[in-house]
Amino acid sequence: MVDYIIDQNLAILAVNNPPVNALSHHVREGLVEGIKKANANDQVTAIVIIGKGKIFCSGADIREFSNHAAIKDPVLTSVGHTIENSGKPVISAIHGNALGGGLEVALFCHYRIASESARVGFPEVLIGILPGAEGTVRLPRLSGLSFAMDMIASGKQINAKDAFKHGILDKVCTGNILEEAKDFAKKVIGQPLDSRRLSRINVEDASNVDAVFEVALAQVKKKYKGQIAPIYCLKSVRNSAKMSFDKAAAEERRLITELMLGYQSIALRYSFFAERSASKWRLPCGASVNNTKPSKIESTGVIGAGTMGSGIAVCLIRAGIPVILVEKDPKMLEKGMETISGILDGSVKLKRMTPGQKAKCMEILKGATSLDKLSNVDLVIEAVYENLELKRQIFAQLDKVCKPSTLLCSNTSTLDIDKIASATNRPDKVVGTHFFAPAFIMRLLENVYGSKTSPTTVATVMELGRRIGKVTVLVKTCYGFVGNRTHQCFGAEASFLLEEGCLPQDIDQVLEEFGMAMGPFKVSDLSGIDVGWRIRQEVAKAAGFKLTTETRYHNGERISTVGDSLFEMGRYGIKTGKGWYKYDPTNLRKPVPDSDVADVILDHCAKMGLQRCKIPPQEIIERCLFAAVNECFRVLEERVAEKPEDIDVIWQYGFSFPRYAGGPMFYASQVGLKRVYERVCFYHEKFPYSSHWIPSDLLRKLASHSVEIPMSQWKEFVNGSKL
Ligand SMILES: CCC/C=C/C(=O)SCCNC(=O)CCNC(=O)[C@H](O)C(C)(C)COP(=O)([O-])OP(=O)([O-])OC[C@H]1O[C@@H](n2cnc3c(N)ncnc32)[C@H](O)[C@@H]1OP(=O)([O-])[O-]
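Residues numbered from 1 in each chain as written. Predicted model: local features only at pLDDT ≥ 70, side-chain atom pairs only at ≥ 80, totals over all residues. Heavy atoms only, no water.

A closer look at the overall build of the protein chain
Alright, step 1. The helix and strand tally for the protein chain stands at 28 helices and 21 strands.
Alright, step 2. In terms of overall size, the protein chain behaves like a compact globule, its C-alpha atoms giving a radius of gyration of 28 Å where 723 residues would be expected to give roughly 27 Å.
Alright, step 3. Seen through its C-alpha atoms, the protein chain measures out along the principal axes to roughly 90 × 60 × 60 Å.
Alright, step 4. Per-residue burial for the protein chain yields a buried fraction of 55% across its 723 residues.
Alright, step 5. The long-range share in the protein chain, meaning contacts at least 24 apart out of those at least 6 apart in sequence, stands at 71%.
Alright, step 6. When the accessible surface of the protein chain is split by element, carbon and sulfur atoms take 53% of a total near 31400 Å².
Alright, step 7. Of the side-chain charges in the protein chain, 92 are positive and 80 negative, and the distance between the mean point of each set is 3 Å. (Helix = DSSP H or I, 4+ residues; strand = E, 2+ residues; numbered from the N terminus. Rg over C-alpha atoms; globule rule 2.2 N^0.38 Å. Buried < 20%, exposed > 50% of the residue type's maximum accessible area, 1.4 Å probe, protein only. Contact = heavy atoms within 4.5 Å. Areas by Shrake-Rupley, 256 points an atom, 1.4 Å probe, with all protein chains shown as cover. Lys, Arg positive; Asp, Glu negative; His and termini not counted. Charge placed at Lys NZ, Arg CZ, Asp CG, Glu CD.)

Right, dumping it as C-alpha cells:
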C-alpha cells in the first residue's frame, strides 16, 4: 500500500490505497518500513512522500474508528515520530488534498510542498473529533494560534496559496509535483533538520493564548451551537501554547478518545457514510448505479417562473446546463428572469461567483411563453403549483411537443408520479425531481420513481443531481414521498401541542435545544403560513370537504386549524411582518414572541373546549420525533425508501435535522427500538384520532427482538422476510 521507489539518490514513498489514500493499517506500516529502509540505505540522501492517484491523502481510515481491533500498531503518531526522527530530510509532495491525518503526515515531515491546485485542511471536526495525531499541537507552531483555532474548529479546507501564506507550506509548485519534489529535495540535502522538526520549536504567540481562546470560543459557541468537538479543538490548540509539546500531545490524545466514544462523533461518522450511500441507488428490479448508464443531458426546460422554477433554473445554469424558462404570462416571465439575475447578483456579492461567471450563466438562460419552445430539449422540469389536473394537462402537452427521448420531470412535492405519468405515452420517461425551497440554496434533491419509470430515467436524474451539486436521494412514489410524508407527522404534532398547552416559542426552543437549526414555527414563518394554508385547502378540496377554523376532525382524523386563524388575520409570516411571531421591519431575522398569537391560541382552545396543561420538554421531543420516526418505519416497510440512511439524509438536508444526531432513524436506533415502540404505543392509546401513531409493523417486529437489531439489518425485516 506504499510503493517504495529508488530514483537516483532519493527514496520515493508513494501511498497507494485507492480511492483516496486513507491511512489504513497497511499504509501506516508501509510508511514506517519505507522510512526505515531509506535511512538504512547509504545511497539515499532524502525521502519524498507522495500520493498515487488523484489525491495525496484523505486522512485516517474513518471505517477503522468503529472497529477498534483495526486500530493496530503502528498508530499514526508513531508513524509520524518515525518520519520526524528520520536522519535524512523527508519532504511531503502534496497534490489534490491533504486532509486530517494526511495533513498531519505532512506536518511530521521536515518540508512540505504542494501543487497550486492542492487543498489542505483538518476536517476531523466534521466527524466530531479533532486532529488527534498532534495536528492541534503542530499547526499553531507554523501558523500561529488564531489561524490554527479557526482552521481546526471550522474544518475548512484552504488552497495552497493560503497555506503558504500561513506558513504551512514551504513552496507552491506550478509544474509536475514529483519532479518539483525531487528538485526541492536535492536543494535541502545536508541542511540541519532540528529547526525543521515542529516538536522542537515553540508557539510564537503563546503569550496571547487566553485572549485568542476567549474570542474563538465565543465565535464557536455561536456558530456551532450544541456541538462539542469545535470546543475541544480550541481547548487542544490552547494546550499547545500552555504546556510542553509532549504534555499537550498527551492531552490531545485524551480529548480525541473522549470525543470518539461520544454520541455526536458516532452520529457524525454515520452521517458521513450515509450521505455517500445515498448516491448508490438501486431499484427493486435490480437496476442500480453500477449497471445503468444515464442519458446525456445538454439542454433543459423549466416550466413555471415562480419561486421554485426560478430557483431550479439557477441550479441548472450555475452548473453550465442551458435552460429555457417557460411561463405563459410575459410579465411573470420577466419577473422570473429578474429573480434569477438577482439571485446570481447575490452570489457575486458574496464572492461565490465572478461577474463574468454570472454573465455566462445568463447567456445560457432563455425565456419563452409557450411550451412549443421545448420541442428539442433533453429534459424538462415542471414547477407549477401543486394541482394534479394542471400538471396532467402540462405533461400531456409536453408529450406531444417534446422529442420522443425527452425526460419529463415534475417538481411536485406530494403528488403521485404514476398519476402524472399516465397523462403521457412515455411513462418510462416520467420522474419526480423534488427540490426543496429555496432550490438554489437547499442541497437536497429527492428523486421519485413511479411504477413505470425506467432505470435509464432514474440514472439520468440521479446523475443530474450530482452535476448540479445536490445530495440526491432516490425514493418511490407515494403521497408526500419520504420528506413531506414523514415531516407532516412532525408538523402535525407540533400543532396539536399548541392546542394542549404550548406556545410556538416553547416548542421551537425545545427542538432547537435538541439541535434543529430552527423550530417548526420559525420555519413556518419563513416559508409562509399562506403556503401551508393553500396546501391544506387543496388537500381538503381533493378529499371533498370544506376546511374551516372550526374543523377538528375529518374522516376520524384529528386536525388542527390554529394556523388557519393566523392566515385569516393576514399573518403570513416574515413576508407580512407577523406570523407565529412578530418581526421588527429593521430586523426580520429576529422573531419576537407575540402575545396576540397567545390570545389566538387560547381563544381557539376555549372555542373548541380544549383543556390546556403544562407539557414537559421530553414530551415535546417525543411527540414530534417519534411520530415522524413511526412514519419513517412505514416508509421503509413499504420500500418507499430503500434504506434508513436515505431517510436520515433527507431529514438532514431537507429539514436541518442536526447531523450530530444522525437523523430520525439513527436517533431511534440510539434510543433503542423497544423504547420507541413502547412510546408510540402509549401515544397511540392516548391519541386514537391520529393515524400516524398506529405503530408500524416493521417497528413492532424489530422491537420484539430480545437484542437490538443493528440499522444495517433493518431492511431484512421488510415484507416479513424475517420475524
Ligand atoms: C488518528 C486520529 C487523527 C486523524 C483523524 C483523521 O484523519 S479523520 C479523517 C479526516 N479526513 C476526512 O474527513 C476526509 C473525508 N473525505 C473527504 O472529504 C472526501 O472523501 C475527499 C475530499 C477526500 C474525496 O472526495 P470525493 O468526492 O472524490 O470522494 P468521496 O467522498 O465519494 O469518497 C470516495 C470513497 O472514499 C471513502 N472515503 C473518503 N475518505 C475516507 C476516509 N478518510 N476514510 C475512509 N473512507 C474514506 C468514501 O466513503 C467513499 O467510499 P465509497 O462510498 O466509494 O465506498
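Observations concerning the packing of helix H5 (residues 145-154) against helix H8 (residues 209-223)
Alright, step 1. As a packed pair, H5 and H8 sit with axes 10 Å apart at the nearest point and diverge in direction by 25°. As judged from the angle between their axes, H5 and H8 are roughly parallel. For the pair H5 and H8, the crossing hand works out as right-handed. Across from Leu-145, Ser-146, Met-149 and Ala-153 in H5, the residues of H8 making contact are Val-209, Val-212, Phe-213, Ala-216 and Val-220.
Alright, step 2. Of the residues in the contact of H5 with H8, the class split is eight nonpolar, one polar and no charged. (Axes fitted to C-alpha atoms, helices over the stretch in contact; angles between N-to-C directions. Parallel < 35°, antiparallel > 145°, perpendicular 65-115°, else oblique. Left-handed = near helix turned anticlockwise from the far one by under 90°. Nonpolar A, V, L, I, M, F, W, Y, C, P; charged D, E, K, R; others polar.)

Re helix H3 (residues 101-108)
Alright, step 1. The element H3 is largely enclosed, with a buried count of eight among its eight residues.
Alright, step 2. For H3, the full list of buried residues reads Gly-101, Gly-102, Leu-103, Glu-104, Val-105, Ala-106, Leu-107 and Phe-108.

Regarding the sheet that holds strand E8 (residues 157-159)
Alright, step 1. The three strands lie next to each other as E5-E7-E8, forming an open sheet whose pairing is mixed. Whereas interior strands pair on both sides, the edge strands pair on one side only; in this sheet they are strand E5 (97-99) and E8. Here the average twist between neighbouring strands, direction ignored, is 20°.
Alright, step 2. Pairing of E5 with strand E7 (residues 119-121) involves three bridges; the strand directions are parallel. Following the sheet pairing, Leu-99 is matched in E7 by Gly-121. (Pairing = 2+ DSSP bridges.)

Some points on the environment of Gly-450
Alright, step 1. In this structure, Gly-450 sits in the loop between strand E16 (444-449) and helix H17 (455-467).
Alright, step 2. As for Gly-450 and Thr-477, which are separated by 27 residues in sequence, their C-alpha atoms are 5.4 Å apart.

Observations regarding the sheet that holds strand E14 (residues 407-410)
The strands that make up a sheet are held in pairs by hydrogen bonds between backbone atoms, and each pair lies either parallel or antiparallel.
Alright, step 1. Read across the sheet, eight strands follow the order E12-E11-E10-E13-E14-E15-E16-E17 without closing on themselves; strand pairing throughout is mixed. Looking along the sheet, the strands with just one partner apiece sit at the ends: strand E12 (365-368) and strand E17 (471-476). Looking at each pair of strands side by side, their axes are set apart by 25° on average, direction ignored.

A short note on the site of the ligand
Alright, step 1. The immediate surroundings of the ligand are formed by 26 residues, with Lys-54, Ala-60, Gly-101, Arg-276 and Lys-280 found nearest.
Alright, step 2. Take Ser-58: an N or O atom from its main chain is 2.8 Å from a nitrogen atom of the ligand.
Alright, step 3. One of the backbone nitrogen or oxygen atoms of Ala-60 is found 2.8 Å away from an oxygen atom of the ligand.
Alright, step 4. Within the complex, the protein chains bury 74% of what would otherwise be the 1000 Å² of accessible surface of the ligand.
Alright, step 5. The set of elements that each furnish at least two residues to the shell around the ligand consists of H3 and helix H11 (263-278).
Alright, step 6. Here the shell around the ligand takes three residues from H11, the largest share from any one element.
Alright, step 7. For the shell around the ligand, a count of residues per class yields 14 nonpolar, five polar and seven charged. (Near = heavy atom within 4 Å. Polar contact = N/O pair within 3.5 Å; in protein donor to acceptor, adjacent residues only side chain to side chain.)

Quick word on the side chain of Glu-645
Alright, step 1. When you line up the elements, Glu-645 lands in helix H25 (residues 644-655).
Alright, step 2. For the buried Glu-645, which has no salt bridge, the nearest side chain bearing the opposite charge is Lys-643, at an N-O separation of 6.1 Å.
Alright, step 3. Setting aside chain neighbours within four positions, we find Glu-645 in contact with Tyr-270, Ala-274 and Ser-277. (Salt bridge = Lys/Arg side-chain N within 4 Å of Asp/Glu carboxyl O.)

Some words on the UniProt feature "domain: 3-hydroxyacyl-CoA dehydrogenase NAD binding" (unreviewed entry) in the protein chain
Alright, step 1. In the numbering used here, UniProt assigns the "domain: 3-hydroxyacyl-CoA dehydrogenase NAD binding" (unreviewed entry) feature to residues 301-477.
Alright, step 2. Secondary structure across residues 301-477 divides into 41% helix and 21% strand, with the first and last C-alpha atoms of the span separated by 23 Å. (UniProt positions renumbered as here; feature names shortened; annotations may be inferred.)

Some remarks on the packing of helix H24 (residues 617-637) against H25
Alright, step 1. Where H24 meets H25, the closest approach of the two axes is 10 Å, and the angle between their N-to-C directions is 135°. The angle between the axes of H24 and H25 places the two elements in the oblique class. Relative to H25, H24 is oriented so that their crossing is right-handed. Touching Ala-628, Cys-632, Val-635 and Leu-636 of H24 are Pro-644, Ile-647 and Trp-651, all from H25.

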